[in-house]
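# Summary of structural features
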Amino acid sequence: MQVAEQKDTKVVLTKPFSLGSGSVSDPAYGAPSLLKRVLTLFKNVRLGSDLTKFQLPPMFNIPKSQLQCYGESVYSTGLDMLSRCNSGESPLERFTSVVAWSISTTRPSPFGIAPYNPILGETHHVSKGNLHVLLEQVSHNPPVSALHATDEKENIEMIWCQQPVPRFRGTSVEAQVLGKRQLKLLNHGETYEMNSPNLFIRILPVPGVDWVGNVNIKCLENGLVAKLSYRSSLFGGHGRYIRGQILDSSSTKVLYEVYGHWDSIVQVKDTNNGKEREIYNAKEVISELQAPIVKDAKSVWPTESGVVWGELSQAILNKEWEKAREAKQAVEERQRNMSRERETQGLYTWTPKNFVVSYSKEAGWECSPIHKLVPPAPIIAQ
């Protein structure tokens, strides 16, 4: 955990979800002790209900915002996967590295607890080396998060726009992640588009959390496509399967078979010669990740996730549940007051500070960064 303080401001940052961590360092958050409370929590929720507005009490929260979770999947890595994408000599080599990088953004999640729902206008700004990452909550209802990341040295740009839609299924909750992710390798004139798998929270018969669904990755410039399927195991055990193919869309020829487990090893098999090789090792990429550190507390924005939720996160880490409840209510009340203030000023539409946002039934939510480059951040990923 990293805590930085300046006058009237506390910045609380916790470790990212890591392989084998379960994923909060406190063992008191283990699934068995939470199962009964989770069942009680959902007993009055109807099947198919949209849980977007469902508010959890603090004891069901992990000490971080969902905005931070999105950001961590980009900047918290043990290996520089993005440089590998950029350094591939052939389009197929680069595409295969992009597939591996996409898999690396899939992180283990703990059962029975969830991050905070970001408030409108909340931001998260972190740098790792030359990669500068900025996220903003551009809509609260529905919840939409935007991400912009740039690396001037590698000439890489990333733009995400994501909307989680969780629904209760009786013995499970599945959060569909709507929206589009773009990765641009500008040196090669290539833009890769992809979606996210869905988060699947299984309550019965065996409690657990996994990623499921289909992920499609495509590059219009070189015509390569990947079709990946994330699969879970109903009765626990080592599920977390990935199966898929890399194809040439112009001929529909399968170039590689993709298979493995996103939390261990993923391999590809060349359909021409049968040779197999490893493209992703989760232990190397998402093990023993550390909390970001605050390099310049005075430059941290008041909208930063670690500031907005600082008091609540500290109370949760200290297991001071009454103080946590009060801190969470204070954040929610501030948001309601800001909303009322905007309405009295006749400002019924929120204008994000870092993105231009649009919505259509055909394309869904789209988020375009206002600035070409993301500036260096006062928070540094380790």
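Residues numbered from 1 in each chain as written. Predicted model: local features only at pLDDT ≥ 70, side-chain atom pairs only at ≥ 80, totals over all residues. Heavy atoms only, no water.

### A word on the overall build of the chain
Put simply, the test is: Helix and strand labels come from DSSP, where a helix needs a run of H or I of at least four residues and a strand needs a run of E of at least two; each type is numbered from the N terminus. Think of it in three bands: residues with accessible area under 20% of the maximum for their type are buried, residues over 50% are exposed, and the middle band is partly exposed, with areas taken using a 1.4 Å probe on protein chains only. We call two residues contacting when some pair of their heavy atoms lies within 4.5 Å. Computed with the Shrake-Rupley method and a 1.4 Å probe, the accessible areas treat only the protein chains shown as cover for residues.
The helix and strand inventory of the chain stands at eight helices and 21 strands. Here the chain holds 382 residues, and 52% of them are scored as buried. Sequence separation of at least 24 residues holds for 59% of the intrachain contacts in the chain that already meet a minimum separation of 6. Within the structure as shown, the chain displays about 18,000 Å² of accessible surface, and the carbon and sulfur contribution to it stands at 51%.

### Quick word on the pattern of salt bridges
Note the cut-off: Salt bridges are defined as contacts in which a side-chain nitrogen from Lys or Arg sits within 4 Å of a carboxyl oxygen from Asp or Glu.
Applying the stated rule across the entire model yields seven salt bridges. For Arg240, the salt bridge is made with Asp263, and the minimal N-O distance between the two is 3.5 Å. With a gap of 23 residues between them, Arg240 in the loop between strand E13 (224–231) and strand E14 (241–248) and Asp263 in the loop between strand E15 (253–261) and strand E16 (265–270) connect regions that are remote in the sequence. Judged by relative accessible area, which is 12%, Asp263 ranks as buried.

### A few points about the state of the cysteines
As a reminder of what qualifies: Whenever a pair of cysteine sulfur atoms sits within 2.5 Å, that pair is classed as a disulfide.
A complete count under the given rule lists one disulfide for this structure. Residue pairing for Cys161: its cysteine sulfur links by disulfide to Cys367, the two sulfurs lying 2.2 Å apart. Within this pair, whereas Cys161 is found in strand E8 (residues 156–168), its partner Cys367 is found in strand E20 (residues 364–369), the two being separated by 206 residues in sequence. Accessibility assignment for this pair places Cys161 and Cys367 in one class, buried.

### Brief notes about the packing of aromatic side chains
Rule in force here: Ring pairs shown here join Phe, Tyr and Trp side chains whose ring centres sit within 6.5 Å, with only the six-membered ring taken for Trp; geometry is labelled stacked below 30 degrees between planes, edge-to-face above 60, and tilted in between. Charge-over-ring contacts are defined here by two conditions on Lys NZ or Arg CZ: a distance within 6 Å of the ring centre and an angle within 35 degrees of the ring normal.
The full count for this structure, using the stated rule, is four aromatic pairs. Ring geometry for Tyr359 and Trp365: centres 5.1 Å apart, planes at 45 degrees, overall tilted. On the basis of relative accessibility, which here comes to 22%, the residue Trp365 falls in the partly exposed class. Its end group placed over the ring of Phe17, Lys64 keeps NZ or CZ at 5.9 Å from the ring centre. Across from the ring centre of Trp160, 3.9 Å away, lies the NZ or CZ of Arg181, which sits over that ring.

### With respect to the environment of Trp350
Mapped onto the secondary structure, Trp350 falls in the loop between helix H8 (321–344) and strand E19 (355–360). C-alpha separation for the pair Trp350 and Val138, spaced 212 residues apart in sequence, amounts to 7.8 Å. In this structure, Trp350 is in contact with Leu120, Gly121, Glu136, Gln137, Val138 and Arg342, ignoring residues within four places of it in sequence.

### A closer look at the pairing of E8
Worth spelling out the cut-off: Here the rule is simple: two strands pair whenever DSSP picks up at least two bridges between them.
Burial within E8 is extensive, with eleven of its 13 residues counted as buried. The sheet contact formed by strand E7 (residues 144–151) and E8 spans seven bridges and is antiparallel. Paired with Thr150 across the bridge in E8 is Glu157. Connecting E7 to the antiparallel partner E8 that follows it, the hairpin turn spans four residues, and Asn155 within it adopts a positive phi of roughly 60 degrees. Where E8 and strand E9 (residues 172–185) come together, 13 bridges link them in antiparallel fashion. Looking across to E9, one finds that Ile156 is bridged to Leu185. Hairpin connection between E8 and E9: a loop of three residues separates the two successive antiparallel strands, and Gly170 in this loop has a positive phi of roughly 95 degrees.

### Comments concerning the pairing of E14
With eight bridges joining them, E13 and E14 adopt antiparallel strand pairing. Residue Ala226 lies in a different strand from E14, and its bridge partner there is Ile246. Across eight bridges, E14 lies against E15 in antiparallel orientation. Bridge pairing links Tyr241 to His261 in E15. Linking E14 to E15, which pair antiparallel, is a turn of four residues; within it Thr252 sits at a positive phi near 60 degrees.

### Description of helix H7 (residues 310–317)
Because an α-helix packs 3.6 residues into every turn, residues spaced three or four apart end up facing the same way. Here H7 lies mainly inside the structure; six of its eight residues are buried. Inspection of H7 places Gly310, Leu312, Ser313, Gln314, Ala315 and Ile316 among the buried residues, and these make up the whole buried set.

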